[in-house]
Amino acid sequence: MKNLFILACLLIGGGLQAQNFTISTSNLKNQHLAIGLPTVEADAELGDRAFYTCWVFQGFSTTSGTQPVISGNVSFRSSSLSNNVSPNSAAITTPWIQPVNGKISFKMRFDVNGAQTRFMRLFYIPIDESVSNLQGEAVLMETVDLPTNTTAFSTYEFDIPEELFNQTVRFRISFNGNGGNNRAIVDDIVIPGIFAADPTFGCLPALNRSDRDGDGIPDEEDDFPDDPTRAYRSFITNAEYSTLKFEDLWPALGDYDFNDLVNDLRITKITNANNELVEMIIESRTRAIGAGFRNALGIELTGIQPNQVASVTGTILDGDLIRVNPNGLESNQTHATVILYDDAFKVLPRVGGGTGINVEPDRPMSEIKTQTITITFVPNAVSSRLLTMDMLNPFLIVNQDRGREVHLPGKQPTSLANPALFRTGADNSALGTSNTYMSKEGGLPWAIWVNESVPYMIERERVTDGFLKLREWANSGGSNAREWYTDKPGNRNDVKIMRGIK
Amino acid sequence: MRKVILSFFIGLAVLACIPEETNSPQNPVVNNPLEISAPMGFTWTTTKSISVTLNKIFLPSSLVRTLVLKDGDGTQLFRGSHDLTQDFSLTVTVPNHVDKIVIEIGEVLLEKSISGSSVAFSFPVIEPSND
């Protein structure tokens, strides 16, 4: 009977106002919705049902080619409506939503005429915490018989029952019928309410998670749950330390035991909820000094301006070599530059005699201590994206000569390096290019940084005699033996390597 | 006399404090002590830069979640907030031997092999149960 009533209304071109739903042939969209009311919508214009996050389209796809649509370029299109019973054979189910006062609306038509019976049902699905997907039994809200002798579209509107306001539910629109093989075309679905599904947890209802400091990061994901200025701690280098090794005779070649300074670094960044840098923490462990020079160690934060740093603590600078700004950075640098210590012997004192420190297995070993340097950034000044291992430019200052810097190959010197030293001795640098700090013959480096804590050579043993695949790696331009520094069988000759110095 | 002896010992002490310069530039060295001939452009880096992207998803409003990037060894490369309705892109540094990148967001776990210098992820289609 309802079917006939609707059909009559459609024939006279007007609208139908039933108990709690409305059908109209008007093409005006969502006039009933107050401006600013939150809605969850699906209009098919994204072109693929997969783009409608947490929606379920069973027996529905999107139209393509010349298939009829309702509005825009694309509509949702069901399979043939031949199932007379199942509410899931051709059904569109919304994500979890917190409905507000308003009307669920959508447009619907058939692609062709000629079916016997067609009907549409609207359900809501409450939360049932006794089942794993939290999805309770679907509750029927309305059944509407559909006209089968027309392909004109109608707009259907359904009042949201008051008892559902601010609950968390899903809605399902299902289509069924007997006879014929026409399909439902659906478009412009609008649900007044707040999207309440969590796509990162299987589209289950989003939980209200505790956030004590109110920074927007839930406590269980917040490394500093009671500090609104800090949210995440992450490592720039390997969490288990990285190893930096230097030859310190640049621009002359050395003995290539790569132990003139061996320094492990673990660098951590602390960021806020907006991924801006709050702090950078450098844990430095000077493991060996295979030289007599009083070398210093610094790190340039390439791309970070000195005025973006508020303070630096933990450096060991009590000589005359380094001049610092009030914020603790080295003065007169273009990029923020921190000198960790001005003399390696201050952080790894000599015990007993010998050529160096911790480079001869039969000599007393000096205890390795951790020096912690904290760089605090000006609030909201630097994106954490700017601080990766690539952006770090560590360097050694040779024997208290401030202008004599040794960097990793491919890196640039700092503002305080002496340009007159380049291309002298064995150095083949072309400043401003990636061809820096490499030797004229063989393209040898004076520094190397491995993002793992690795052992180093006994004094005067060539690095290639301890790390047996280093030569193959270098000669291949890095293509072969890429794990030359790891402890895999055949990679190391332990006789030439200092062991147990961590 | 006492001053002379004192000066002698002070001189000795100063000499003893001067570090030994075992690797002085004056020492004779061969031109290529490692017998390596690295090809032009090789920078000896044991790491590589990888550009990681994740496509946005379509939602009625922004949805911020914690995104964690790891390499195939489980080493964390990034941990921070991300609005799922925006495209994500970040360049990370990984050891040369790493061949896989992993993204974790809530229960979503995405894993892809590194191809060249980039890895492109798409948020998976999640169709919750309709029963």
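Residues numbered from 1 in each chain as written. Chains lettered and ligands numbered in written order. Predicted model: local features only at pLDDT ≥ 70, side-chain atom pairs only at ≥ 80, totals over all residues. Heavy atoms only, no water.

### Concerning the overall build of chain B
Regarding its fold elements, chain B presents one helix and seven strands. Secondary structure elements of chain B, listed N to C terminal, follow the sequence α-β-β-β-β-β-β-β. Residues classed as buried in chain B amount to 43% of the 131 residues present. The contacts in chain B between residues at least 6 apart in sequence include a share of 54% that link residues at least 24 apart. (Helix = DSSP H or I, 4+ residues; strand = E, 2+ residues; numbered from the N terminus. Buried < 20%, exposed > 50% of the residue type's maximum accessible area, 1.4 Å probe, protein only. Contact = heavy atoms within 4.5 Å.)

### Quick word on the overall build of chain A
For chain A, the count of helices and strands is four helices and 29 strands. With respect to the principal axes defined by its C-alpha atoms, chain A has extents near 105 × 45 × 45 Å. Across the 502 residues that make up chain A, the buried fraction comes to 58%. Sequence separation of 24 or more characterises 70% of the internal contacts of chain A that already satisfy a separation of 6 or more. Counting every atom, chain A has about 19,600 Å² of accessible surface; 49% of that belongs to carbon and sulfur. Seen as two clouds, the 43 positive and the 59 negative side-chain charges of chain A have centres 5 Å apart. (Areas by Shrake-Rupley, 256 points an atom, 1.4 Å probe, with all protein chains shown as cover. Lys, Arg positive; Asp, Glu negative; His and termini not counted. Charge placed at Lys NZ, Arg CZ, Asp CG, Glu CD.)

### Points about the side chain of Asp342(A)
Residues and elements named next belong to chain A. With respect to the helices and strands, Asp342 occurs in the loop between β23 (336-341) and α2 (344-347). Accessibility expressed as a relative area gives 1% for Asp342, which makes it buried. At 3.0 Å, the side chain of Asp342 forms a polar contact with the backbone nitrogen of Asp318. Here the side chain of Asp342 touches Lys346 through a polar contact of 2.7 Å, side chain to side chain. Asp342 has contacts with Arg294, Asn295, Ala296, Ile316, Leu317, Asp318, Gly319, Leu321, Ile322 and Gln400, leaving out every residue within four places of it along the chain. (Polar contact = N/O pair within 3.5 Å; in protein donor to acceptor, adjacent residues only side chain to side chain.)

### Considering the pairing of strand β2 (residues 64-71) of chain B
A regular strand places its side chains on the two faces of the sheet in alternate fashion. All names here are of chain B. Burial analysis of β2 places six of its eight residues in the buried class, which makes it a mostly covered element. Two strands pair when backbone bridges link them, and β2 and strand β3 (residues 76-83) are joined in this way by seven bridges, in the antiparallel orientation. In the sheet register, Lys70 faces β3, and the bridge partner there is Gln76. What sits between β2 and β3 in their antiparallel hairpin is a turn of four residues, with Gly74 showing a positive phi close to 90 degrees. Pairing of β2 with strand β5 (residues 100-105), which is carried by five bridges, proceeds in the antiparallel orientation. The residue bridging Lys70 from the neighbouring strand is Val102, located in β5. (Pairing = 2+ DSSP bridges.)

### A short note on the sheet that holds strand β1 (residues 47-54) of chain B
All names here are of chain B. The three strands lie next to each other as β4-β1-β7, forming an open sheet whose pairing is mixed. Pairing within the sheet leaves two strands with one partner each, and these edge strands are β4 (88-95) and β7 (118-121). Strand after strand, the sheet turns through a mean of 25 degrees between neighbouring axes, direction not considered. (Axes fitted to C-alpha atoms, helices over the stretch in contact; angles between N-to-C directions.)

### Some details on unusual backbone geometry
Note that the residue after Trp250(A), namely Pro251(A), is joined by a cis bond; omega there is 5 degrees. Within the secondary structure, Pro251(A) sits in the loop between β18 (242-246) and β19 (261-271). Even without glycine at this site, Asn358(A) takes up a positive phi of about 65 degrees. Relative to the helices and strands, Asn358(A) is located in the loop between α2 and β24 (370-377). One non-glycine residue with positive phi stands out, namely Trp44(B), at about 65 degrees. By the element assignment, Trp44(B) lies in the loop between α1 (2-17) and β1.

### Points about the state of the cysteines
Disulfide: a covalent bond connecting the sulfur atoms of a pair of cysteines. All names here are of chain A. As enumerated under the stated definition, the model contains one disulfide over all chains in all. Across the disulfide from Cys54 sits Cys203; the S-S distance is 2.0 Å. On the S-S bond that ties Cys54 to Cys203, the torsion sits near -75 degrees, and the link is left-handed. Separated by 149 residues along the polypeptide, Cys54 in the loop between β3 (39-42) and β4 (56-58) and Cys203 in the loop between β15 (197-198) and β16 (204-205) bring together distant segments of the chain. According to the relative accessible area criterion, Cys54 is buried, its value standing at 1%. (Disulfide = S-S within 2.5 Å.)

### Considerations on the packing of aromatic side chains
Inspection of every chain in the model, using the stated rule, returns 19 aromatic pairs over all chains. Pairing Trp473(A) with Phe42(B) gives two aromatic rings, centres 5.0 Å apart and planes at 80 degrees, and the pair type is edge-to-face. Of this pair, Trp473(A) sits in helix α4 (residues 470-475) while Phe42(B) sits in the loop between α1 and β1, each in a different chain. The pair Trp473(A) / Phe42(B) is uniform in exposure class, with both members buried. (Phe/Tyr/Trp six-rings, centres within 6.5 Å; stacked < 30°, edge-to-face > 60°.)

### Regarding the interface of chain A and chain B
Counting residues at the interface gives 92 residues for chain A, matched by 61 residues for chain B. Where chain A abuts chain B, roughly 6,400 Å² becomes buried across the two surfaces, and 54% of that area is made up of carbon and sulfur atoms. Taken together, the links from chain A to chain B amount to three salt bridges. Residue Asp198(A) is joined to Arg65(B) by a salt bridge in which the shortest nitrogen-to-oxygen separation is 3.1 Å. Residue assignment for the side of chain A that touches chain B shows that the elements contributing at least two residues are β3, β4, β7 (91-93), β13 (170-178), β17 (232-235), β27 (447-450), α3 (463-466) and α4 of chain A. By residue number, the principal contributor to the side of chain A that touches chain B is α4(A), which donates five residues. By residue class, the composition of the side of chain A that touches chain B is 37 nonpolar, 32 polar and 23 charged. (Buried area = accessible area lost by both parts, 1.4 Å probe. Salt bridge = Lys/Arg side-chain N within 4 Å of Asp/Glu carboxyl O. Nonpolar A, V, L, I, M, F, W, Y, C, P; charged D, E, K, R; others polar.)

### Focus: the confidence of the model for chain B
Residues and elements named next belong to chain B. Taken as a whole, chain B shows an average pLDDT of 80; of its residues, 73% reach a score of 70 or greater. Here α1 is the element of chain B with the lowest mean pLDDT, 46, and β5 is the one with the highest, 97. The low-confidence segment residues 8-29 (pLDDT under 50) makes 27 contacts with residues lying over four places distant or belonging to another chain. Across the assembled chains, the prediction reports ipTM 0.85 with pTM 0.84. (pLDDT = per-residue confidence, 0-100.)

### Points about the sheet that holds strand β6 (residues 108-113) of chain B
All names here are of chain B. The strand order across the open sheet built from four strands is β3-β2-β5-β6, with neighbouring strands paired in antiparallel fashion. Lying at the two open borders of the sheet, with one neighbouring strand each, are β3 and β6. Adjacent strand axes in the sheet meet at a mean angle of 20 degrees when their direction is disregarded.

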